[in-house]
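The residues making up each chain are set out below.
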Amino acid sequence: MQIYADNAATTALSPKVLEAMTPYLTEVFGNPSSLYRIGAKAKDAVEAARAEIAELIGAKNANEIYFTSGGSEADNWAIKGVCKMLKLKGKNHIITTRFEHHAVLHVCEGLAKEGFEVTYLDVYENGIVKPEDVKSAIKDTTALVTVMYANNEIGTIQPIAEIGRICREAGVLFHTDAVQAMGNVPINVEEECIDLLSLTGHKFHGPKGCGALYVRRGVRIANLIDGGAQERSKRAGTENVAGIVGLAKALELAVSTMDERRERLTKMRNRLIDGLLNIEKSRLNGDRDSRLPGNVNMCFEGIEGESLLLKLDLAGVSASSGSACTSGSLDPSHVLLSLGLPHEIAHGSLRLSFSDDNTEEEIDYLLKVIPETVSYLRSFSPLWDKIKSE
């Protein structure tokens, strides 16, 4: 059996999304900035997609949506764009968390070298930020609070609405990286007091290379890419028309099927967690209930995560030990370390993430092959022998 269980890294393109995109790859291929007919048709498609996405996330105005090349660009633009503008007003403080995606953490590290002060909030053993910590960290010089909606490795969902209200009351801008959450949990930027939000299509069966940044009307943000008048002169570059159409279609499909999908995936997720916790010296990482419906992140003491992944791949299972963006690193996950796990346990992690393409039969297979693989790897592990003898 072949099982794809790394949907947090990327998802398969939906056939319906491909169907929606195809005309803009073959027939209506014009540049949206052109005045002739196929250019105008392409422009109409971009604006229709913009309006659709705005409605799906609860934005008041379609012009609050700016298209990007993906989530990393959206995160970079949101943070750098806000901080560049507010630094002129003496705002040089950023609040974030210790377990953000590197598209946020590395930007904050770069801004720290430019004189910004960065406060990194703890996420505790359950992987959830405490809103009161956000409130306590805000000060007169705070330019931005940026907290991810749901963690990309352990899937924990953050109290975004509460954090948003705290920021709004304090007059501080609030950005959330919603790359993992979008299409998996209900999101309304107005109701949750979100000022800026990042998303990308390939996490919910849309195309790679196309994302969006929501910027609430009235929020001033500096350009990240200059060179053209696209996106109301805020983000230069010829629009990826097919990708934009696919992004909107994928989000429409994800939102319309969300309730049924969440219920089914949550049942599958819980059954897998219960089974894997029967393995000796195993642990679930992050809160069990406040997590994405298709996310299971486990640690198994006495083994290396890389060995587990390679052995599972031979058994037909595609999974990961953490973020795909750091898969070449030999260091333990910064997310797991932020939970307080020691290095030797964090090294033995496994992330399984599911979509509506996965089945109950696949869960059955995982419940068979993962315990067998863990047992096999422990059979010649000196570390496991040491753990057992203690």
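Here, every reference points to the structure presented above.
Residues numbered from 1 in each chain as written. Predicted model: local features only at pLDDT ≥ 70, side-chain atom pairs only at ≥ 80, totals over all residues. Heavy atoms only, no water.

## Structural notes on the nonpolar core
- In terms of nonpolar packing, the biggest core is built from 65 residues, with F67, V145, Y149, M182 and L197 touching the most fellow members.
- Here this core takes ten residues from helix α9 (residues 241–256), the largest share from any one element.
- Within the second largest apolar cluster, 28 residues are counted, among which are A315, L350, L366 and V374. (Core = buried A, V, L, I, M, F, W, Y, C linked by side-chain atoms within 4.5 Å. Buried < 20%, exposed > 50% of the residue type's maximum accessible area, 1.4 Å probe, protein only. Helix = DSSP H or I, 4+ residues; strand = E, 2+ residues; numbered from the N terminus.)

## So, the environment of H106
- Among the secondary structure elements, H106 is positioned in helix α5 (residues 102–113).
- Taking the C-alpha atoms as reference points, H106 and N76, 30 residues apart in sequence, are found 9.2 Å from one another.

## Comments concerning the environment of E306
- Within the element layout of this structure, E306 appears in helix α11 (residues 305–314).
- Under the relative-accessibility criterion, E306 is labelled partly exposed at 31%.
- In this structure the C-alpha to C-alpha distance between E306 and S320, which are 14 residues apart in sequence, comes to 8.5 Å.

## Some points on the sheet that holds strand β7 (residues 196–200)
- The seven strands are arranged β2-β8-β7-β6-β5-β3-β4 in an open sheet whose pairing can be described as mixed. Lying at the two open borders of the sheet, with one neighbouring strand each, are β2 (65–68) and β4 (117–121). Each strand of the sheet is rotated relative to its neighbour by a mean of 20°, with strand direction disregarded.
- Contacting β2, β3 (93–97), β5 (142–146), β6 (173–177), β7 and β8 (211–215), helix α4 (residues 71–87) runs over the sheet at an angle of about 160° to β7. (Pairing = 2+ DSSP bridges. Axes fitted to C-alpha atoms, helices over the stretch in contact; angles between N-to-C directions. Contact = heavy atoms within 4.5 Å.)

## Points about the packing of aromatic side chains
- Applying the stated criterion across every chain, the model contains two aromatic pairs.
- Centre to centre, the rings of Y66 and W77 are 5.6 Å apart; their planes meet at 70°, and the pair counts as edge-to-face. With a gap of eleven residues between them, Y66 in strand β2 and W77 in helix α4 connect regions that are remote in the sequence. As far as the burial class goes, Y66 and W77 line up, both buried.
- On the basis of an interplanar angle of 80° and a centroid distance of 5.3 Å, the ring pair of Y376 and F380 is categorised as edge-to-face.
- On the basis of relative accessible area, Y376 is assigned to the partly exposed category, the value being 42%. (Phe/Tyr/Trp six-rings, centres within 6.5 Å; stacked < 30°, edge-to-face > 60°.)

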